[in-house]
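# Breakdown of the fold
Residues per chain, in single letters:
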Number of protein chains: 4
Amino acid sequence: MAQSPDIYVDPRRSDLQRRYCETRRRTEALCQPLAVDDYQIQSIVETSPPKWHLAHVSWFFETFVLRPFAGGYRPFHPRFEYLFNSYYYGVGQMHPRPQRGLLSRPTVEEVYAYRAHVDQWMLELVDMLPEGDWPELERRVNLGLHHEQQHQELLLMDIKQNFYVNPLCPAYAPAAPKADSGSAPPMVWIDRPGGQFTLGQGPDGFAYDNERPAHPVHVPDHRLASRLVTNGEFLAFMDDGGYRSHEHWLSDGWAMVKRERWQAPLYWERDGGQWRQMGLSGMRALDPGEPVCHVSYYEADAYARWAGARLPSEAELEGMLRERPLQGNFVESGRLHPAVAGEDGQWYGDVWEWSASPYVPYPGFRPLSGAMGEYNGKFMCNQMVLRGGACITPASHMRPSYRNFFYPHDRWAFAGLRLAEDA
Amino acid sequence: MAQSPDIYVDPRRSDLQRRYCETRRRTEALCQPLAVDDYQIQSIVETSPPKWHLAHVSWFFETFVLRPFAGGYRPFHPRFEYLFNSYYYGVGQMHPRPQRGLLSRPTVEEVYAYRAHVDQWMLELVDMLPEGDWPELERRVNLGLHHEQQHQELLLMDIKQNFYVNPLCPAYAPAAPKADSGSAPPMVWIDRPGGQFTLGQGPDGFAYDNERPAHPVHVPDHRLASRLVTNGEFLAFMDDGGYRSHEHWLSDGWAMVKRERWQAPLYWERDGGQWRQMGLSGMRALDPGEPVCHVSYYEADAYARWAGARLPSEAELEGMLRERPLQGNFVESGRLHPAVAGEDGQWYGDVWEWSASPYVPYPGFRPLSGAMGEYNGKFMCNQMVLRGGACITPASHMRPSYRNFFYPHDRWAFAGLRLAEDA
Amino acid sequence: MAQSPDIYVDPRRSDLQRRYCETRRRTEALCQPLAVDDYQIQSIVETSPPKWHLAHVSWFFETFVLRPFAGGYRPFHPRFEYLFNSYYYGVGQMHPRPQRGLLSRPTVEEVYAYRAHVDQWMLELVDMLPEGDWPELERRVNLGLHHEQQHQELLLMDIKQNFYVNPLCPAYAPAAPKADSGSAPPMVWIDRPGGQFTLGQGPDGFAYDNERPAHPVHVPDHRLASRLVTNGEFLAFMDDGGYRSHEHWLSDGWAMVKRERWQAPLYWERDGGQWRQMGLSGMRALDPGEPVCHVSYYEADAYARWAGARLPSEAELEGMLRERPLQGNFVESGRLHPAVAGEDGQWYGDVWEWSASPYVPYPGFRPLSGAMGEYNGKFMCNQMVLRGGACITPASHMRPSYRNFFYPHDRWAFAGLRLAEDA
Amino acid sequence: MAQSPDIYVDPRRSDLQRRYCETRRRTEALCQPLAVDDYQIQSIVETSPPKWHLAHVSWFFETFVLRPFAGGYRPFHPRFEYLFNSYYYGVGQMHPRPQRGLLSRPTVEEVYAYRAHVDQWMLELVDMLPEGDWPELERRVNLGLHHEQQHQELLLMDIKQNFYVNPLCPAYAPAAPKADSGSAPPMVWIDRPGGQFTLGQGPDGFAYDNERPAHPVHVPDHRLASRLVTNGEFLAFMDDGGYRSHEHWLSDGWAMVKRERWQAPLYWERDGGQWRQMGLSGMRALDPGEPVCHVSYYEADAYARWAGARLPSEAELEGMLRERPLQGNFVESGRLHPAVAGEDGQWYGDVWEWSASPYVPYPGFRPLSGAMGEYNGKFMCNQMVLRGGACITPASHMRPSYRNFFYPHDRWAFAGLRLAEDA
């Protein structure tokens, strides 16, 4: 009996629909512990209210997929193009970033309706799109899904910051059972031979534009630490006057220490003689064996100098990441907090590792065309590259060539460090 | 047959309970149109989130009534003393004002539970308090109720500001039916003889400490305008270059015009050739017959100079208010917007009238004792007195001697002006 | 033999020339101790470089006398109208105040040449002006001379501030021989009956517009302290936690204490256990008997509350000033520093006395016509009145009705306080 | 007859003395056109008053040479160690940078006396130092002389900025005779083969620590423009909406354009339809053939994108610089302004060329020991490298490996650009 054509399912299309649904549902699942009240808060200018994230990632699909490809698409609301544009001037003007926290409307309920509206059109479009448009559609939907995964991580970063400014220190999640037993293994140096090395992702496979093109770089002989720097090690730096001694610091970093009165990593608080740390499960005693987290580049760099070492370059890190299995303490572990090192070296997950490399374009870099070209390229100044992902990063979002980037003073990212030294 | 003592009702106590309940329910009724999302927003540093208002007025009763008088009172939450203290250093430290909008917790639901907790204890306390404590209790509860009425007005001021910064311009209430027919009657001058006059409230009746003591002042012969200045009149000032001509302005006012780029009263927006005005019912065409509202003292003063007149002193205004019936366009009208003048002179209600008088203590002023002394006295510098109440003021909150006060640059109050001149 | 008509001297004109020359020479004499380097400095935005003062007072004569009255007058430099205008928008645009310290050109030498140019024209104009223009000319020259006297005081205020920010603490003048022996006499209360009183200057005699018209005010029975508050008394306030206790302070004052971290009057520094004070003769040990100086209104008010008293109103002060001889420690004493009280009550000189009165227009106030109307009127908001002159004020500049004014946070004026209380 | 030992002259020592004297005299010669008034000005926080430069370079010799090597050295003034320390925390605390312009004392005369004092001791020390200390002394004096040459350039940069903020637009120097005839030659691309290249200075010869160690880098095939970008070419960018179109700009650059309202390079002003440019000889018509100067990195980068090209890396520039004769329009030409290109390619002199390379340490970088280690290393974050020197740079200060660096928003350096592109 002949199969009816209308129940023929194109596996590429159904696969994309499946991944689309998975990612979108995952975003919503992350918001499940929030009260409506929690969705409105923008506690520092760098963060966005959870509600805004939920809407913006939908705006991305609406703007770059539905408007150009879905004939007859009717936007959910005429002002959302303006309200939920983040920084794409090529699309048009946008609501000022520092005022994202002042939008009580649309309500959370309306934002979820917006998501549902976009989802319905997206799933239909993936089904119905003419074959000729498919490659570009697939490219864009994939980009949109990786974009949404980035915002899943931002959601958790921002919720943590939002809860931290509240004297009630609410908990986002129950504390994970304490799996860590004992302390971190001793740090040992791993020798890494230098020479010419190919940095960046080749033409195949999904990658952001900023990871390409692959190109030769020269790397010196060097050594990498066998694990991340721990809270306990960082405490030794602090106890040795780390935040009071100019000589470890970059000039701009020292100015920041003075201006912001930094005395410890972000989310650390002194309670009598003990340090406590705010996590997504609330305030608890600092665990000296866990990797230090929420340090700026300035603090990471100062620590490394104090320790007689340096930060690794992104090429040194990528070289190692390419040799290691892509596994670690990612968001799927449910821990939402960096874990004490085991034997795997913590190359992936736990905390983003600050590299010593400024975020600049690779030679021959070409941004995406059109407004999507604003995705990465225009930020290639004044920021530093981080590598390897963190405990709030989706595992499927990670690659050896992945380049995250923050300003050297940023601290609300889940960022820590690994030492390196010249051979 | 003898009446059972346990159903004897002390009419003073039941009256206070009735007024307490009425005021508390009125506050909550004002929030009824809000979505949970709307309760979190602090759009400018001068405003507070609706949720904060709801909690703070309960904090007032908790702090100044329940803690000192209700034996065995157990506070609803140990941190609320800190979170919802506004400015009473005598009570203790307080959450920083600019961060009130960052508190997603307690949730709206929890805040209502806090209110219910306080209400239950308050009603019981009024019933049970020994007679000896009654006079002080009654004084404090009355103060607390007037305090809550002030916050009812602030709630509406702040909601308007919150909705204004949202590009969606939400409406708090449906537009009142357009009762105004025709335009404002012509302004005429009312001659007022000068001489010695008693300013302020005598010892009887409820009044804030800042309205006392009554004391002699000398008032010159003068004239008062028969109604408020209208939008249409203010437009003539604007069309004559009012915001571009230094010569009408106080020096500090002109600096503010330049710095803030003021070109019109707050909540006015130009839409092509037409002016529109944001009200609690949303954006609508500007009505030239309505009183001008949301002008700073600087703008009111500049308008008066441009018009060849001046602002009245608070003594001149109080003299007239004492002669007029205490009625006008108050919050009970449901209009929530100033109305075109009728024949009553608009002495009460519609908009607060800026006086030319700095807010300073009356000779012999004595603040309340204890932390309640911070209620008024410590603000007696750098602010100007306003008189007469507005369309969002509860009628029962008003008195001829009532002194409202704002900084000369403040614009989010429902403030307008009436002209005066020397005879 | 008949006297030649061309050597006839009009005594009004020669008298004005004499006073003009005296005042102008006095200004230059005040600058004699300065190095060329000292003329350029603007250490805080409120101050001006000495060079700018020297030029601005000449600009005043050029603008309001020479341009309108001296036919054929050729300005010294076409851009000086812009550079040395202080705040007269009626004259035209002006160089931004915060950038006065960035003008190395014109050089000091050129500014003195500018002064000479203006002087030559002024003296000739006074000689030659037709009789019909004389009354207005005389009025304006008198205003210009009082204006220059005000800048003589500002020069000394600003030099003190300029030298204070220099770690070398240079001295402007040698220390006056220490005439003070012993300590201040005990403060006693002087009873002052209340009633109706005429405040302000009548139509005769020179006065600024802001001192008129004379008008009735009602003053309560009160008491005035027999002398100024001393450094020693202020130290007792400080030792009692004055700068750490909110309850003495106005709300805006307390915010300023916190923001600026005030712990003592301006120019006080702690050197080990001892307080030192910067004066125009450099740094020296604080004399507890001298009047406290360089306090803001907020500090004066807080001290008075702490002492269980209050600040006097300007009417209370003027009432007393009218009864006292116009003499005291003025600039002519050469001391340039307040002196320990003797028996005269310190009603004039030593330090300006903060009154509790906001600087507002008297009823019926009329500013001068034209751009000169900006002299005083537009500042009548947000400032407080001070009375009586200081040790850097020219004696001939003082009158009982004189109203000085500063913002309540200003501290670089030579301002102190006298206590008052209700009878 | 034997030569007397005491007239023996060590040629290394006399040579160092000669170079010392030449450099010191050159600094003073640069200040010769200044009035005393001009020495005090700090027009923006990045600049320093000329007087401060004169003292600071002497402080450098006093601190790093005389104090450690000249036995019995008596500092000129005990507070100068504090006043004229720039940023060497290893030496001690320092006067706050933004307040350098507030120091009227020491006077200019005293600063010159300070220089003479240091010079006398320095010359004597070079004569008398025991041979064993000589190598370190020579190293430090050489460093001090290069340091002073850097400040010679800063002096001219800062004087230009100081004079620019003055509405009188004073001229530092008479205009050089107009040597330029005709316009710049057409720009052509020069092909440059890629491959492995050694970047940085080898162990021999004087170089700053930041130029070492020499190390291998991989450079792609590329092309370099045959001359600098001209004013006329930059005008075409502006006329094409360069400052109004987000798409050419880095995100941080666009934010700066908006915040600072940039519409043209620094020192350009529109006079009716014509552009004028402030130079060290005052304001004059813009010459379209001259290289564009006083652009930030952001503007250079935006221009390059607009032109369909990019900025060269520092390795690409150094590769070319090594092949070219070290000559160009340096300060010795007396022009003090970039010149229209001739046939030499403008590789050296005229304007510093922005590279696309962040200022980071070379692999294996080692800072100088002690407080001198703060000279360069601590600034290796957030800044960009510039190459080749400018028309205000001493020729003897330049090297192919020389790395200058400024923040990407800085504009008061004499900085322009040359285009590059991938082959």
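Note that the structure is a prediction, hence the values are computed from the model and not measured.

Criteria and cut-off values
- Residues numbered from 1 in each chain as written.
- Chains lettered and ligands numbered in written order.
- Predicted model: local features only at pLDDT ≥ 70, side-chain atom pairs only at ≥ 80, totals over all residues.
- Heavy atoms only, no water.
- Least-squares fit on C-alpha atoms with pLDDT ≥ 70 in both.
- Contact = heavy atoms within 4.5 Å.
- Buried area = accessible area lost by both parts, 1.4 Å probe.
- Salt bridge = Lys/Arg side-chain N within 4 Å of Asp/Glu carboxyl O.
- Polar contact = N/O pair within 3.5 Å; in protein donor to acceptor, adjacent residues only side chain to side chain.
- Helix = DSSP H or I, 4+ residues; strand = E, 2+ residues; numbered from the N terminus.
- Nonpolar A, V, L, I, M, F, W, Y, C, P; charged D, E, K, R; others polar.
- Buried < 20%, exposed > 50% of the residue type's maximum accessible area, 1.4 Å probe, protein only.
- Pairing = 2+ DSSP bridges.
- Axes fitted to C-alpha atoms, helices over the stretch in contact; angles between N-to-C directions.
- Domains from an automatic or database assignment.
- Phe/Tyr/Trp six-rings, centres within 6.5 Å; stacked < 30°, edge-to-face > 60°.

Superposition record for chain B on chain A: RMSD 0.0 Å, screw rotation 180°, translation along axis 0.0 Å. Here the symmetry operator amounts to a two-fold rotation axis. The C-alpha atom lying nearest the rotation axis in chain B is that of Asp37 of chain B; the distance is 3.1 Å. Interface overlap between copies: 100% of the residues of chain B at the interface are likewise at the interface in chain A, consistent with a symmetric, same-surface contact.

Frequently, the measure chosen for interface size is the accessible area removed from exposure when the parts meet. Residue-level contacts link 29 residues of chain B with 29 residues of chain C. Buried area between chain B and chain C, both sides added, is near 2,200 Å², and the carbon and sulfur share of it is 57%. Linking chain B with chain C are 0 salt bridges, by the criterion used here. Remark: the boundary between chain B and chain C carries 8 residue pairs in polar contact (both at pLDDT 80 or more). Those elements that provide at least two residues to the side of chain B that touches chain C are strand E3 (215–219), helix H7 (251–260) and helix H8 (297–306) of chain B. Its residues assigned to classes, the side of chain B that touches chain C shows 16 nonpolar, 8 polar and 5 charged.

Before going further, it helps to examine the side chain of Glu318 of chain B. Residue and element names in this part refer to chain B. Tracing the sequence through the fold places Glu318 in helix H9 (residues 314–321). At 2.6 Å, the side chain of Glu318 and the side chain of Arg322 are in polar contact. For Glu318, the contacting residues outside a window of four places in its chain are Phe197, Leu199, Gly200, Tyr362, Arg387, Pro400 and Ser401.

Quick look at the interface of chain B and chain A now. Tallying the contact residues gives 30 residues for chain B and 30 residues for chain A. Taking both sides of the interface into account, the surface hidden between chain B and chain A amounts to around 2,300 Å²; carbon and sulfur atoms contribute 62%. Ranking the residues of chain B by area buried against chain A places Asp37, Leu102 and Arg105 of chain B at the top, with a combined share of 29%. Between chain B and chain A we count 4 salt bridges in total. Residue Arg105 of chain A pairs with Asp38 of chain B through a salt bridge whose shortest N-O separation is 2.5 Å. Remark: the boundary between chain B and chain A carries 10 residue pairs in polar contact (both at pLDDT 80 or more). Put simply, the parts of the chain that give the side of chain B that touches chain A at least two residues each are helix H3 (80–83) and helix H5 (134–164) of chain B. Among the residues making up the side of chain B that touches chain A, the classes are represented as 15 nonpolar, 10 polar and 5 charged.

Our focus in this paragraph is the relation of the copies chain B and chain C. Copy one and copy two of the chain differ by a rotation about a common axis and a shift along it. The transform that puts chain B on chain C rotates by 180° and translates by 0.0 Å along the axis, for an RMSD of 0.0 Å. Taken together, the interface assignments show that 100% of the residues at the interface of chain B recur at the interface of chain C, consistent with an identical surface on both copies.

All names here are of chain D. Here Glu343 lies in the loop between helix H9 (314–321) and strand E8 (352–358). Residue Glu343 is classed as exposed on the basis of its relative accessible area, which comes to 75%. Each C-alpha atom of the pair Glu343 and Pro185 lies 7.8 Å from the other, and the pair is 158 residues apart in sequence.

Another aspect to go through is the sheet that holds strand E6 (residues 274–279) of chain B. Residue and element names in this part refer to chain B. One open sheet accounts for 3 strands, arranged E5-E6-E7; its pairing is antiparallel. Across the chains shown, the open sheet's two edge strands, defined by having one partner strand only, are strand E5 (268–271) and strand E7 (282–285). Shown here is a sheet whose adjacent strand axes are inclined to one another by a mean of 35°, direction ignored. The pairing of E5 with E6 spans 4 bridges and is antiparallel. Across the sheet, residue Asp271 finds its bridge partner in E6, namely Gln274. Lying over the sheet, H5 contacts E5, E6 and E7, oriented at roughly 130° with respect to E6. Against the sheet, helix H6 (residues 231–239) touches E5 and E6, its axis set at about 70° to E5.

This part takes up the domain arrangement of chain A. Residue and element names in this part refer to chain A. Segmentation of chain A into domains returns domain 1 (11–164) and domain 2 (189–422). Computed from C-alpha atoms alone, the centre-to-centre distance between domain 1 and domain 2 is 27 Å. The partner domain 2 presents 34 residues to the 29 residues of domain 1 that form the contact. Of the roughly 2,800 Å² buried where domain 1 meets domain 2, counting both sides, 65% is carbon and sulfur surface. Three residues, Glu153, Lys160 and Tyr164, lead the burial of domain 1 against domain 2; their summed loss comes to 27% of the area buried on that side. Our count for the contact surface shared by domain 1 and domain 2 stands at 0 salt bridges. Linking domain 1 with domain 2 are 16 residue pairs in polar contact (both at pLDDT 80 or more). Counting only elements with at least two residues in the side of domain 1 that touches domain 2, the list comes to helix H2 (50–69) and helix H5 (134–164). For the side of domain 1 that touches domain 2, the element with the highest residue contribution is H5, accounting for 18 residues.

This paragraph deals with the packing of aromatic side chains. Residues and elements named next belong to chain B. The final tally for this structure, using the stated rule, is 154 aromatic pairs over all chains. When the centroid spacing of 4.9 Å and the interplanar angle of 65° are considered together, the rings of Phe60 and Phe64 count as edge-to-face. Of this pair, Phe60 and Phe64 both sit in helix H2 (residues 50–69), 4 residues apart, roughly one helical turn. Note on Phe64: relative accessible area 5%, which makes it buried.

This part takes up the pairing of E8 of chain D. All names here are of chain D. E8 sits mainly inside the fold: 6 of its 7 residues count as buried. Pairing analysis gives 2 bridges linking E8 to strand E11 (residues 415–416), with the strands arranged parallel. Bridge pairing links Trp352 to Ala415 in E11. Across 3 bridges, E8 lies against strand E9 (residues 384–387) in antiparallel orientation.

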